[in-house]
Amino acid sequence: MRKFFQEIKADLKFKTAGPGQKLSEPSRAPKEKPKAEVAPKPRQAPTDEAQRAAAAALARLELKPKGKAPSSQETIKNQVRKELMAEAAASEKGLSVEEKGQEEGGAAAPSVSGVYFICPLTGAIVRKDQKEKQIREAIQAYYSVDPVAASIMEIHTFNKDREKVQLCVETMAKYLDNIYLHPEEEKYRKIKLQNKVFQERISCLEGTHKFFQAVGFETKTLPVPGQDTTEEFYVLKEEMLSRLEELKDGKEQLQSSEPVRAQLHRQPTLFRPSPAAAHFELPHDFFSLTADELRREQRLRTEAVEKASMLRTRAMREKEEQREMRKYNYTLLRVRFPDGYILQGTFYARESVSVLYNFVREALRDDWLPFELLGPGGLKLTDENLAFNECGLVPSALLSLAWDAELMADVEAAEEQRSPLRPELLAGAQSLS
């Protein structure tokens, strides 16, 4: 029976094999049926509604919790090796790992050209590498307006050792106190410039000599009592004895002043809905590590590969986390609203989350509207005292804003629907490329 079925199968196979061919004839290739050519349809650009829908879909995807990555030792080692290779390739070009990743990910939104600061004396906006020069020029120009205040600003701003500044201010205040309390005593109205205390505490600091000249002292060469030599002194001018209150005011201003610090310019920018919201292109200003420091970090992480199989103590983990947090001085943050609009600002990496909440409120038409900020993965930023680098929001991050649903329903029912953002921000909204 089995042989019978095999013969039937062989006969069917022979009949369906097609026309025969002599062994002496060349082999014939099977004929193919001609295919009709179909003209490709031109691709149409997505409509505004489609772009807004895509941006909303991206926001929903980012809010979904991410699955846990494999945690085996071999997987961790492989991941670290990949990161080291990326760092090595990036350091050859003088780039950080983050910048290298952005290059591989394609063109990102050129939303900032650098980190900028505002000079509190002139209001000028300058780049990070120009802020010290701008402040120095502003203080020098202020000498024509108020030389006492200008010299005090110079003392507190340009001398970086705060302990030396404090000791200097205390010593100078003591000189002025003695004159104010004992104006009749001539010895208090003279300050020997070569005095050891004056040299070690005052003369070595920038701006101190300008202060003494501004409050009424002049330089005189006087004979040294009991010696046949002369020395230079600061001597208070006679007319200042009738203006001792000015001397007292100068002393109090000296004691209460603080260094002049340029303020970080937030560069608030509003972008229209865009699927490129999560793409960042950061300039070098955002990275506090130099090329040499990057190579050192690479070497340290190479050593960490060898120790990956070892159990780390809590202190070791905290030390490593602290090192990671010190990499960045600034962070570029974007907050995506439910309607897809994106608010962007520049912050210090060590500033607290509360600063971001205030930044968003300042952009709202009604700053009393309650909202929550959600970090990458949908994590709510409830502790406003945490710093951005402690939350992993450095050197850049895209966050989402969520309104209080019940309150917004009441607001929309009470008035016509309108954007919660300030009109001037909406008028200047830009497009992310």
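Residues numbered from 1 in each chain as written. Predicted model: local features only at pLDDT ≥ 70, side-chain atom pairs only at ≥ 80, totals over all residues. Heavy atoms only, no water.

Undergrad: Mind laying out the sheet that holds strand S7 (residues 269–271), listing which residues take part and the relevant values?
TA: Across the sheet, which stays open at both edges, the five strands sit in the order S7-S9-S8-S11-S10 with mixed pairing between neighbours. If you trace the sheet from one side to the other, it starts and ends with S7 and strand S10 (371–374), each paired once. Here the strands of the sheet are splayed against their neighbours by 30 degrees on average, with no regard to which way each runs. In this structure, S10 lies alongside strand S11 (residues 396–403), joined through four bridges in antiparallel fashion. (Pairing = 2+ DSSP bridges. Helix = DSSP H or I, 4+ residues; strand = E, 2+ residues; numbered from the N terminus. Axes fitted to C-alpha atoms, helices over the stretch in contact; angles between N-to-C directions.)

Undergrad: Any details on the packing of aromatic side chains? Residues and values, ideally.
TA: Applying the stated criterion across every chain, the model contains 16 aromatic pairs. Here Tyr-175 and Phe-198 contribute two aromatic rings whose centre-to-centre distance is 6.5 Å and whose plane-to-plane angle is 55 degrees, an arrangement assigned as tilted. Here Tyr-175, found in helix H7 (residues 162–181), pairs with Phe-198, found in helix H8 (residues 196–203); they are 23 residues apart in sequence, far enough to count as distant. Comparing Tyr-175 with Phe-198, the two get one shared label, buried. With centroids separated by 5.4 Å and ring planes inclined at 20 degrees, the aromatic side chains of Tyr-357 and Phe-371 adopt a geometry described as stacked. On the criterion of sequence distance, the pair formed by Tyr-357 in helix H13 (residues 353–362) and Phe-371 in strand S10 is long-range, its members being 14 residues apart. Across this residue pair, the class does not change: Tyr-357 and Phe-371 are buried. Grouping aromatic residues by their ring pairs yields a cluster made of Tyr-175, Phe-198, Phe-211, Phe-212, Phe-217 and Tyr-234. Over the aromatic face of Phe-117 sits the side chain of Lys-131, whose NZ or CZ is 4.2 Å from the ring centroid. Positioned over the ring face of Phe-233 is Lys-190, at 5.8 Å from the centre of the ring. (Phe/Tyr/Trp six-rings, centres within 6.5 Å; stacked < 30°, edge-to-face > 60°. Buried < 20%, exposed > 50% of the residue type's maximum accessible area, 1.4 Å probe, protein only. Lys NZ or Arg CZ within 6 Å of the ring centre and 35° of its normal.)

Undergrad: Can you break down the environment of Pro-395 residue by residue, with the values?
TA: Looking at where Pro-395 falls in the secondary structure, it is placed in the loop between S10 and S11. Overall, Pro-395 belongs to the buried group, its relative accessible area being 7%. In this structure, the C-alpha to C-alpha distance between Pro-395 and Phe-287, residues 108 residues apart in sequence, is 7.8 Å.

Undergrad: A description of the side chain of Arg-189 should follow, citing residues and the corresponding values.
TA: As for its placement among the helices and strands, Arg-189 is situated in the loop between H7 and strand S3 (190–192). Buried and unpaired, Arg-189 has Glu-238 as its nearest opposite-charge partner, separated by 4.3 Å. In contact with Arg-189, other than residues within four places in its own chain, are Ile-179, Pro-183, Glu-184, Phe-217, Tyr-234, Val-235, Leu-236, Glu-238 and Leu-241. (Lys, Arg positive; Asp, Glu negative; His and termini not counted. Salt bridge = Lys/Arg side-chain N within 4 Å of Asp/Glu carboxyl O. Contact = heavy atoms within 4.5 Å.)

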